[in-house]
Amino acid sequence: MSTIPEQAALLKGKGFLLNKDGEHFSCRVVIPGGKMNAQQSKRVSEICEHYGKGYFYLTQRQNIEIPGILLDNLDGVSLALAEVGLSIGSTGPRPRPITTCKGAICKFSLFDTEAYTSQLDEKIYKGYYDVTLPGKLRIITSGCFNNCSMPHVGCIGIIGKKKDQVAISLGGMAARKQSLGREIQGLYTLDEATGIIEKAIQYYKEHGNKGERFAQMIERIGFETVEKALIG
């Protein structure tokens, strides 16, 4: 029988993170666009009380972490979340759930960030979940140039600049070494932006070194070279 530390690496890829005590796990719940309904919120609270320590964390990536869950209860937590349409994940060398602003209701937003982020979550986060990349890939959308969601610190940033037209930044990174993304030439429709994101993922898969972040690959290869490959 394998020990908890031996199972921890596999479980991390599924969204269960081993706590400091080496016995309990935190469950990372994906909250698309940072939006939950009342039923989902109630279920998360019930899980915290029944399986965890009675509280949860709000992460900077608009997800939720529920700490203090025993190994034997992980399946029960997964099932309870699935009943209200919530899932677990967002770790490992793959595209992460897309972070966004409240552009669906904000008067400054130049496009519906909630609708677009939902599309990206289906096409990019879920669609590429089983595609192994050199490292994590973070995508951030912002409805306008106020940049509330800080798109320029994402590997790929989508920024509203005109009605239903966006700028695209590449190469942001928030880690031990930080960098701000640079915007490529031109403005794009949302469909065009999605196409460029998919090209960027493929380029990263083919040209990135194992363990190398997207920003580090751009720094090594050169921004103009990557830009040309994505937009011709």
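Bear in mind the structure is a predicted one, so any value in this text is a computation, not a measurement. (Residues numbered from 1 in each chain as written. Predicted model: local features only at pLDDT ≥ 70, side-chain atom pairs only at ≥ 80, totals over all residues. Heavy atoms only, no water.)

### Considerations on the domain arrangement of the protein
- As far as domains go, the protein holds domain 1 (4-88) and domain 2 (95-231).
- Here domain 1 and domain 2 have C-alpha centroids that lie 26 Å from each other.
- In this assembly, nine residues from domain 1 lie in contact with 13 residues from domain 2.
- When domain 1 packs against domain 2, the two sides together hide about 860 Å² of surface, and 39% of this comes from carbon and sulfur.
- Taken as a group, Val30, Arg61 and Gln62 account for 55% of the area that domain 1 buries against domain 2, more than any other trio of residues on that side.
- Summed over the shared surface of domain 1 and domain 2, the number is one salt bridge.
- Two residues, Glu114 and Lys35, come together in a salt bridge whose shortest N-O distance is 2.8 Å. (Domains from an automatic or database assignment. Contact = heavy atoms within 4.5 Å. Buried area = accessible area lost by both parts, 1.4 Å probe. Salt bridge = Lys/Arg side-chain N within 4 Å of Asp/Glu carboxyl O.)

### Side note on the packing of helix 5 (residues 190-207) against helix 6 (residues 214-221)
- With their axes 11 Å apart at the nearest point, helix 5 and helix 6 run at an angle of 70° to one another. What the angle tells us is that helix 5 and helix 6 run roughly perpendicular. Between helix 5 and helix 6, the contacting residues are Ala200, Tyr203, Tyr204 and His207 on the first element and Phe214, Met217, Arg220 and Ile221 on the second.
- Taken together, the residues that form the contact of helix 5 with helix 6 break down as six nonpolar, one polar and one charged. (Axes fitted to C-alpha atoms, helices over the stretch in contact; angles between N-to-C directions. Helix = DSSP H or I, 4+ residues; strand = E, 2+ residues; numbered from the N terminus. Parallel < 35°, antiparallel > 145°, perpendicular 65-115°, else oblique. Nonpolar A, V, L, I, M, F, W, Y, C, P; charged D, E, K, R; others polar.)

### Re the environment of Ser41
- Here Ser41 is to be found in helix 2 (residues 38-51).
- Measuring from C-alpha to C-alpha, the distance between Ser41 and Phe56 comes to 11 Å, with 15 residues separating the pair along the chain.

### Some words on the nonpolar core
- Counting 33 residues, the largest nonpolar core has Leu137, Ile156, Ile158, Ile168, Leu170, Ile197 and Phe214 as the members making the most contacts within it.
- Residue assignment for this core shows that the elements contributing at least two residues are helix 4 (113-126), strand 7 (156-162), strand 8 (165-170), helix 5, helix 6 and helix 7 (223-231).
- For this core, the leading source of residues is helix 5, giving eight residues.
- Beyond its immediate chain neighbours, meaning those up to four positions away, Ile156 contacts Leu137, Arg138, Ile139, Ile140, Pro151, Ile168, Ser169, Leu170, Ile197, Ala200 and Phe214. (Core = buried A, V, L, I, M, F, W, Y, C linked by side-chain atoms within 4.5 Å. Buried < 20%, exposed > 50% of the residue type's maximum accessible area, 1.4 Å probe, protein only.)

### What to know about unusual backbone geometry
- Phi angles above zero are rare outside glycine, and Gln62 is one such case at about 65°.
- In this structure, Gln62 sits in the loop between strand 3 (57-58) and strand 4 (64-70).
- Residue Gln62 is classed as partly exposed on the basis of its relative accessible area of 23%.
- Located in the positive-phi region is Asn147, a residue other than glycine, with phi close to 60°.

### Comments concerning the UniProt feature "domain: Nitrite/sulphite reductase 4Fe-4S" (unreviewed entry) in the protein
- In this numbering, the UniProt entry assigns the feature "domain: Nitrite/sulphite reductase 4Fe-4S" (unreviewed entry) to residues 92-228.
- Taken end to end, residues 92-228 is 34% helix and 14% strand, and its two terminal C-alpha atoms sit 28 Å from one another. (UniProt positions renumbered as here; feature names shortened; annotations may be inferred.)

### Points about the sheet that holds strand 9 (residues 182-183)
- Judged by pairing direction, the sheet is mixed, and its four strands sit side by side in the order 6-7-8-9 without closing on themselves. At either margin of the open sheet sits one strand with a lone partner, and together these are strand 6 (139-142) and strand 9.
- Relative to strand 8, strand 7 runs antiparallel, the two being bridged by six bridges. In the strand pairing of strand 8, Lys162 is matched with Gln165.
- Seen against the sheet, helix 4 touches strand 6 and strand 7 and runs at an angle of roughly 165° to strand 6. (Pairing = 2+ DSSP bridges.)

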